[in-house]
Each structure stands twice: as C-alpha cells, then as structure tokens.
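# Structural description and commentary
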Amino acid sequence: MTHLSPIIWLLIAFAMVQGCSEEQQQAPPQEPPPLPVEAITVQNEQLPIWIEYTGKTEATQRVEVRARVAGRLEEALFAEGDYVKEGDVLFIIEKDTYEAALDSAKARLEQNKASLALARRDVERYQPLVAEELAPRATLDQYEARVAELEATLKSDRAAIREAELSLSYTDVLAPISGRVSRRFVDIGNIVGYGEQTVLTTIISDDPMYVYFNPTELQFQMMRQYKSQDNMEARVNVPGNTGGMLERGQLSGQVDFSDNRVDRTTGTITMRAAVANPDHSVLEGTFVYIEVMVTDQASFLVVPPAAVHEDQRSSFLYIVGEESRIKRVDVRKGYESRHYTIITEGLQGGEQVIISGLAKLQPDRKVEVTDATDTKGIQAYLKEQNLLPSTQ
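The numbers attached to residues start from 1 for each chain and follow its sequence in the written order. In keeping with the predicted nature of the model, local features appear solely for residues at pLDDT of at least 70, side-chain atom pairs appear and are counted solely at 80 or more, and the whole-chain, interface and lining totals rest on all residues. In computing side-chain properties, one takes all heavy atoms of the structure into account and sets aside hydrogens as well as water.

### Re the overall build of the chain
Secondary structure elements follow DSSP: runs of H or I no shorter than four residues count as helices, runs of E no shorter than two count as strands, and numbering proceeds from the N terminus. Helices and strands together make up the secondary structure of the chain, namely six helices and 21 strands. Per-residue accessibility, obtained with a 1.4 Å probe over protein chains only, is compared with the maximum for each type, and a residue is labelled buried under 20%, exposed over 50%, and partly exposed between these values. For the chain, the residues scored as buried account for 36% of the 392 residues in total. Here, two residues are considered to be in contact whenever any of their heavy atoms come within 4.5 Å of each other. Once local pairs closer than 6 in sequence are excluded, the contacts in the chain between residues at least 24 apart make up 75%. By element, 48% of the accessible surface of the chain is carried by carbon and sulfur atoms, the whole surface being about 23,700 Å². Using a 1.4 Å probe, accessible areas were evaluated by the Shrake-Rupley method; residue-level cover was limited to the displayed protein chains.

Printed below as a string of structure tokens:
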C-alpha cells in the first residue's frame, strides 16, 4: 500500500470540508410552518350606520317667572322642584290695593254713565225748542258736546277697568308653561315688583328634551351624503347607577337642527336632537351618549378596527393572497367607530382579511386560515353588541 504524504492528506481533508460547506450554502433555507390565523370574508353589506357622540341635554324652554305688579309676596303654592302645569297658581301678591283700584274705576264708570244720561236728556229737551227758535242754538251745541265728551269718558273708564282687572289678575302669579319649577328666589313677606320686575322662580320644559352634540366636518358631510331621512333618527343612552347604563334607546327622537358654520377652534359643527322625555327622568345639563342613525340602506365594505394597520405610507390590511400567503393591501378608510371601519378604497369585496395574530404577520408568510366570518364578521359583531335595529 502506497503511503501518502501528510501534505496530500491535508489537501484531501480540506477538499472534503470545502465540498460539505458548499453543499450547505447551496441548500435553500427551510420555510417556517404556516401561521394559523383567522380571517373574515368582506363583502358589500347593507348595515345600519349609527354614529355615537357624547352630548349634553338642554331644556326646550326656559322661562323666568316674574312679579308683574308691585306688592308684598304673601304666599307660594308649589313645592320646589315639582312639575307644574301651565296656568297653575305659583305665588300670590297682596290684592288689597288692586281690588280698591278696580272698585274705584267701576265707580267712575257708573258716575259718568249717570252724567251721560242727564246730558242726553238735555239734548232731547233742547232739540225741539231750538227747532221752534224758542232756545238759542249755542246752548244745544254745548249739551251735544257734553254728550260726546261723556261717551269718550266712558270708553276711558272701561279701559281703566280692564287695566285694573289685569293688574289684579297679576297678583296671582301663574305658570306660563308646563315644566319643572326651580326653587323660590324670593322669600314670603318681601316686597316685589318695584323697579325691574322681580324674578320669583324659573320653569324649564323638558319634554321633549334637546341634546346637543358636535360631529366633525367629515362626519357631517357623510351624514348629508348618506342619510336615509331628512330628520335622522336619534336615541339617547343615559349613564345610570345600575350596570353603568340605562336601557339602550330609552329616549328616542330626531335630529332637528344643524348649525350653519364650522367652529374654527374645534373643527366641529353643532347639531341637536329633540328626544321624548315623558317621565321627566333626564334633567337639563346631563351628559349623555347619543347615537344618530345615518342610513340603513347603503352598502359598505366593513372590517373590524383592529384589522387596520397604519404606517408612514398609508393605512393597510393583511389579506390572504395566492398560495395562502399574506399580502399587504393599502386602503383608504371612511367612517370608523369603536365597532367597525368602513373601507372606501383598496378592497373590491371577496377578500379574506386576517383578523388574528396581527403582531406576527409579515407579507408573503404562509398561513393556515380558519374562516371566522360567521362568528366574528361584522354582522355577528353588531348583533352581539345589540347595535342592529330591533326590526332586523
């Protein structure tokens, strides 16, 4: 057997090692196993668009109850904070002075009536005498002028009586509207009505109740574009002591006002809804959640908000592409809420949008997809959250 030199053995060993290294470099890297994910299939869906805002209640009417005549405040006939009806007597101001003024005006009327009757009889006596030239014409003219003067005086007396009656009626201070009455601002026994008319209390009308809220200009334009009704439906949720909220939709009504300008400071527009408050349970100045129904007739491509990602380039989604590989799709968002985001550009419908494992997603990564449309799609989510109208 031929003996090889140590140098040759080293060359042979080096060649074998180099060959193994080249084989390892040429072998393709092993692809990680498919990532299990859940996805929903997005389609154009007709769903109700309810936009939620925080709002504040305000009475539809606020009236100051004032003393319209001067005098001593004698009595208050209501319980502070109660609900009163229009025409209820709230206060009584002393009547003596006004009753005396009315009696005096009536007495003057009767006195002048008697004087008028006498003047008319004088005219009747002198007319035939003047006709026969047995009395001067000037005397008849004086009696006729006296009759005209007294007739005018009677009109003034009757007007004075009406004024006295009106002043007397003002001593009973009535509720000008139905609503919840405030506290008394003046104690019994005080003199009221001198100088400026004294404010005795206030009444607010809270059925219906106004709710003011402030959508952004973009949301306002969306309402104008998609609204199904001229006066959009509104429902109000009131923070409660049990369970955090009272029953959803307890107060309902319609949007009846939108301002004609955008607030330069906030970029919002003031809008108002008038909602029924028949049991007067919601007080003025209460902070509430108001939901406005924009439309239930338009169709949209809708995804869960968590499925939408953001970077410096754009908003984007991950969908399941060819060969079950992750694909990035840049999109443009429309209206978005806590419950869903409307996609206006980037999707055509029919795509499988990935909704789970979002932190591990990378483009071109292979995935193992579980279709969760029936359980986690937008319709299922809206039903779970009781966001669909009861008619659906």
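### What about the pairing of strand β14 (residues 287-295)?
Burial analysis of β14 places seven of its nine residues in the buried class, the great majority of the element. Across eight bridges, the pairing between strand β3 (residues 49-66) and β14 is antiparallel. Among the inter-strand pairings, Thr 54 is bridged to a residue of β14, identified as Tyr 289. Pairing analysis gives four bridges linking strand β11 (residues 233-237) to β14, with the strands arranged antiparallel. What sits directly across from Ala 234, in β14, is Val 292. Strand pairing requires that DSSP identify at least two bridges connecting the strands.

### Remarks on the pattern of salt bridges
Throughout this description, the term salt bridge denotes a Lys or Arg side-chain nitrogen within 4 Å of a carboxyl oxygen of Asp or Glu. Throughout the structure, instances matching the rule amount to 18 salt bridges. Residue Lys 95 is joined to Asp 172 by a salt bridge in which the shortest nitrogen-to-oxygen separation is 2.7 Å. Of this pair, Lys 95 sits in the loop between β6 (89-93) and α2 (96-131) while Asp 172 sits in strand β7 (residues 172-174), and the two are 77 residues apart along the sequence. By relative accessible area, Lys 95 is classed as partly exposed at 22%. The shortest N-O distance in the salt bridge between Asp 141 and Arg 137 comes to 3.2 Å. Of the two residues, Asp 141 and Arg 137 both sit in helix α3 (residues 137-169), four residues apart, roughly one turn of that helix. Relative accessible area serves as the criterion here: at 47%, Arg 137 is assigned to the partly exposed category. One salt-bridge network, in which partners are shared between bridges, spans Asp 311, Arg 313, Arg 328 and Asp 330.

### A closer look at α3
To estimate the expected span of a helix, count its residues, drop one, and scale the result by 1.5 Å. Taking 1.5 Å per residue as the helical rise, α3 with its 33 residues ought to reach 48 Å, and the 48 Å between its terminal C-alpha atoms agrees with that figure. Within the span of α3, buried status applies to Thr 139, Leu 140, Val 147, Leu 150, Leu 154, Asp 157, Ile 161, Ala 164 and Leu 168. If you follow the buried residues of α3, they end up packed against α2 and β7.

### Considering unusual backbone geometry
In this model, Asp 207 is joined to Pro 208 through a cis peptide bond whose omega is 5 degrees. Secondary-structure assignment places Pro 208 in strand β10 (residues 199-213). Even without being a glycine, Glu 323 presents a positive backbone phi close to 60 degrees. Looking at the secondary structure, you find Glu 323 in the loop between β17 (315-320) and β18 (326-336). Taking the relative accessible area as the measure of exposure, Glu 323 reaches 61% and is therefore exposed.

### Comments concerning the nonpolar core
When a protein is soluble and globular, its nonpolar side chains tend to lie buried together. If you look at the biggest cluster of nonpolar residues, it comprises 35 residues, and the most contacted ones within it are Leu 90, Phe 91, Ile 93, Val 192, Leu 200 and Ile 203. Of all elements in the fold, only β3, β6, α2, α3 and β10 reach the threshold of two or more residues within this core. Residue contributions to this core peak at eight residues, all from α2. Formed by 32 residues, the second largest nonpolar core is a distinct cluster that contains Met 232, Leu 251, Ile 342 and Ile 378. Nonpolar core, defined: a set of buried Ala, Val, Leu, Ile, Met, Phe, Trp, Tyr and Cys residues in which side-chain atoms within 4.5 Å join the residues together.

### Brief notes about the environment of Thr 344
Along the chain, the position of Thr 344 falls in strand β19 (residues 341-345). In this structure Thr 344 comes out as partly exposed when scored by relative accessible area, which is 47%. For Thr 344 and Val 302, which are 42 residues apart along the polypeptide, the C-alpha to C-alpha distance reads 9.1 Å.

### Some details on the sheet that holds β7
Spatial ordering of the open sheet is given by β7-β6-β4-β9, a layout of four strands whose pairing is antiparallel. Each end of this open sheet is capped by a strand with a single partner; those strands are β7 and β9 (191-192).

### Points about the packing of aromatic side chains
Under the pairing criterion, centres of Phe, Tyr and Trp rings, with the six-membered ring standing for Trp, must be within 6.5 Å; the plane angle then separates stacked pairs below 30 degrees from edge-to-face pairs above 60, leaving the rest tilted. Taken as a whole and judged by the stated rule, the model has four aromatic pairs. For a Lys NZ or an Arg CZ to count as sitting over a ring, it must be within 6 Å of the ring centre and within 35 degrees of the ring normal. Over the aromatic face of Phe 316 sits the side chain of Arg 328, whose NZ or CZ is 3.9 Å from the ring centroid.

### What about a negative patch on the surface?
A surface patch of like charges, here negative, comprises Glu 74, Glu 75, Asp 96, Glu 99 and Asp 103. For the negative patch, the elements supplying multiple residues, two or more each, are β4 (71-76) and α2. For the negative patch, the leading source of residues is α2, giving three residues. Examined against the element boundaries, Asp 103 turns out to sit in helix α2. Candidates for patches are residues over 30% relative accessible area with no salt bridge; among them, like charges are joined within 9 Å and nonpolar side chains (Val, Leu, Ile, Met, Phe, Trp, Tyr) within 5 Å. Charge convention: Lys and Arg are scored as positive, Asp and Glu as negative, and His as well as the terminal groups of each chain are ignored. Every charge is mapped to an atom, namely NZ of Lys, CZ of Arg, CG of Asp or CD of Glu.

### Topic: helix α4 (residues 217-226)
Buried within α4 we find Gln 219, Phe 220, Met 222 and Met 223. The buried residues of α4 occupy one face: seen down the axis, they fall within an arc of 160 degrees. Exposed residues pointing more than 90 degrees away from the buried face of α4 are listed as Leu 218, Arg 224 and Gln 225. Structurally, α4 contributes buried residues whose contacts are with β3, β12 (251-258), β13 (271-275), β14, β18 and β19. Each C-beta atom gives one direction from the helix axis, and the arc is the one those directions make.

### Quick word on the side chain of Thr 201
Mapped onto the elements of the fold, Thr 201 is located in strand β10. A distance of 2.8 Å separates the side chain of Thr 201 from the backbone oxygen of Arg 183, its partner in a polar contact. Whenever a nitrogen or oxygen atom comes within 3.5 Å of another N or O atom, the pair is scored as a polar contact, on the condition that within protein one atom can donate a hydrogen and the other can accept it, and that pairs from neighbouring residues in sequence are kept only if both atoms are in side chains.

### Focus on a nonpolar patch on the surface
A cluster of nonpolar side chains, namely Leu 77, Val 89 and Leu 174, defines an oily patch on the protein surface of about 220 Å² accessible area. Looking at where Leu 174 falls in the secondary structure, it is placed in strand β7. Accessibility expressed as a relative area gives 43% for Leu 174, which makes it partly exposed.

So far we have only geometry, and geometry alone does not tell us how the molecule works.
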